[in-house]
Amino acid sequence: MAFVLLIFTVVGCQQKEEPKPQYQFPTGPVAPVQSMEQEKLLREVVAKDPKNVNGWISLGNMMMDTSRFSEAVEAYQKALDIDPKNVDVRVDMGTCYRNLGKPDMAVKEYRRALELNPQHLFALKNMGIVFAYDLHDSKEAAKAFEKALAIAPHDPDAERLKQEMQKLKAAK
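Residues numbered from 1 in each chain as written. Predicted model: local features only at pLDDT ≥ 70, side-chain atom pairs only at ≥ 80, totals over all residues. Heavy atoms only, no water.

Comments concerning the confidence of the model for the chain
Heads up, the rule is: The quantity known as pLDDT measures the predictor's confidence residue by residue, on a range of 0 to 100. Any two residues having at least one pair of non-hydrogen atoms within 4.5 Å are treated as being in contact.
Per-residue confidence for the chain gives a mean pLDDT of 84; residues scoring 70 or more make up 80%. Note that pLDDT drops below 50 for residues 1–28; the model gives that stretch 0 contacts with residues more than four away or on any other chain.

Here is the structure:
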């Protein structure tokens, strides 16, 4: 009991200090060591269970997030072998192809995604970007952006898409 009283006395007599700001964890890419450990775990998961579609998708996402686009395409293709109708994986794979300098392959994946889900906003936006900036096809880019705006006129990117469409039309 005396010990508890002593603690209260010591705590009560201490000078009040200004609260110290809490440490802010850095934002941005995952630390390399953590990524390596996570990658190792994911590779073990898919090695033990090659039909684990979520494992392949997670591995693909990790590879994409760390700009290892060829490896991401391989992982995404394994996921698509299991679940060929996964629209989001097709869109992500298209984005990897764009980053690999293969815009035609990117458009092919975006079109496959849109065959499965004609309302897929990211497929439309990404396809428009590839047409506009990689393939320099203003007409096809404008079509993709128009469809995206028709689907989601209040999307956070709507104003930017409208501006892009104006630039494309002005460039004709």
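And the narrative resumes.
A look at the nonpolar core
If you look at soluble globular proteins, the nonpolar side chains tend to sit buried side by side. Let me state the cut-off plainly: Among buried residues, the Ala, Val, Leu, Ile, Met, Phe, Trp, Tyr and Cys ones that are joined through side-chain atoms within 4.5 Å form a nonpolar core. Categorising residues by exposure relies on relative accessible area from a 1.4 Å probe, with only protein chains included: less than 20% of the type maximum marks a residue as buried, more than 50% marks it as exposed, and the intermediate range marks it as partly exposed. Starting at the N terminus, helices and strands are each numbered in turn, a helix being any DSSP run of H or I of at least four residues and a strand any DSSP run of E of at least two.
Of all hydrophobic cores here, the largest spans 44 residues; its most connected members are Leu59, Tyr76, Cys96 and Met127. Mapped by element, the contributors of at least two residues to this core are helix H2 (32–48), helix H3 (53–65), helix H4 (69–82), helix H5 (87–99), helix H6 (103–116), helix H7 (121–134), helix H8 (138–151) and helix H9 (158–171). Filtering out sequence-adjacent residues up to four positions away, leucine 59 remains in contact with Glu39, Leu42, Arg43, Val46 and Ala75.

Observations concerning H7
Structurally, the α-helix is built with 3.6 residues per turn, so residues lying three or four positions apart point the same way. What counts here: Expected span of a helix, by definition, is 1.5 Å for each gap between consecutive residues, and there is one gap fewer than residues.
Taking 1.5 Å as the rise per residue, H7 with 14 residues should run 20 Å; its terminal C-alpha atoms sit 19 Å apart, in good agreement. Of all 14 residues that make up H7, 10 are buried, and the element is covered over most of its length. Looking at H7, one finds that the buried residues are Leu121, Ala123, Leu124, Lys125, Asn126, Met127, Gly128, Val130, Phe131 and Ala132. Buried residues along H7 sit against H5, H6, H8 and H9.

Examining H5
To keep things clear, this is the line we draw: Here a polar contact is recorded for every N or O atom pair within 3.5 Å, except that within protein the pair must consist of a potential hydrogen donor and a potential acceptor, and residues adjacent in sequence are included only if both atoms are side-chain atoms.
For H5, with 13 residues, the first-to-last C-alpha span of 19 Å sits near the 18 Å given by 1.5 Å per residue. Val87, Val89, Arg90, Val91, Met93, Gly94, Thr95, Cys96 and Tyr97 are the residues of H5 that are buried. A side-chain oxygen of the first residue of H5 lies 3.2 Å from the backbone nitrogen of aspartate 88; this N-cap is asparagine 86. A positive phi of about 80 degrees marks glycine 101, the residue just after H5.

Some thoughts on the packing of H4 against H5
As a reminder, the rule being used: Convention adopted: a line fitted to C-alpha atoms gives each axis, helices being fitted over their contacting stretch, and angles between N-to-C directions are expressed from 0 to 180 degrees. Comment on the angle field: the value is read as roughly parallel under 35 degrees, roughly antiparallel over 145, roughly perpendicular from 65 to 115, and oblique elsewhere. Helix crossings get a hand from a simple test, with the near helix turned counterclockwise from the far one by less than a right angle marking a left-handed crossing and a clockwise turn marking a right-handed one. Charged means Asp, Glu, Lys or Arg here, nonpolar means Ala, Val, Leu, Ile, Met, Phe, Trp, Tyr, Cys or Pro, and polar covers whatever is left, Gly included.
Closest axis-to-axis distance for the H4/H5 pair is 9 Å, and the angle between their directions is 155 degrees. By the angle between their directions, the pair H4 and H5 is classed as roughly antiparallel. Judged by the twist between their axes, the crossing of H4 over H5 is left-handed. Packed against H4, whose contacting residues are Phe69, Ala72, Val73, Tyr76, Gln77, Ala79 and Leu80, the element H5 presents Val89, Arg90, Asp92, Met93, Cys96, Tyr97 and Asn99 at the interface. Within the contact of H4 with H5, the residues separate by chemical class into 10 nonpolar, 2 polar and 2 charged.

Considering unusual backbone geometry
A positive phi angle, close to 60 degrees, is found at serine 67, a residue other than glycine. In this model, histidine 136 sits at a positive phi of 50 degrees, which is unusual for a non-glycine residue. If you trace the backbone, histidine 136 turns up in the loop between H7 and H8. For histidine 136, a relative accessible area of 62% puts it in the exposed group.

Details of the pattern of salt bridges
Two side chains bearing opposite charge may form a pair once their charged atoms approach each other closely. Note the following rule: Take a side-chain nitrogen of Lys or Arg and a carboxyl oxygen of Asp or Glu: if they are within 4 Å of each other, that pair is a salt bridge.
Taken as a whole and judged by the stated rule, the model has 14 salt bridges. A salt bridge links glutamate 140 to lysine 143; the shortest N-O distance between them is 3.1 Å. Here the residue glutamate 140 and the residue lysine 143 both occupy positions in helix H8, the gap between them amounting to 3 residues, near one helical turn. Aspartate 157 is the partner of arginine 160 in a salt bridge, and the nearest nitrogen-oxygen pair spans 2.8 Å. With a relative accessible area of 52%, arginine 160 lands in the exposed category. Taken together, the shared-partner salt bridges in this structure form one network comprising Glu39, Arg43, Arg68 and Glu71.

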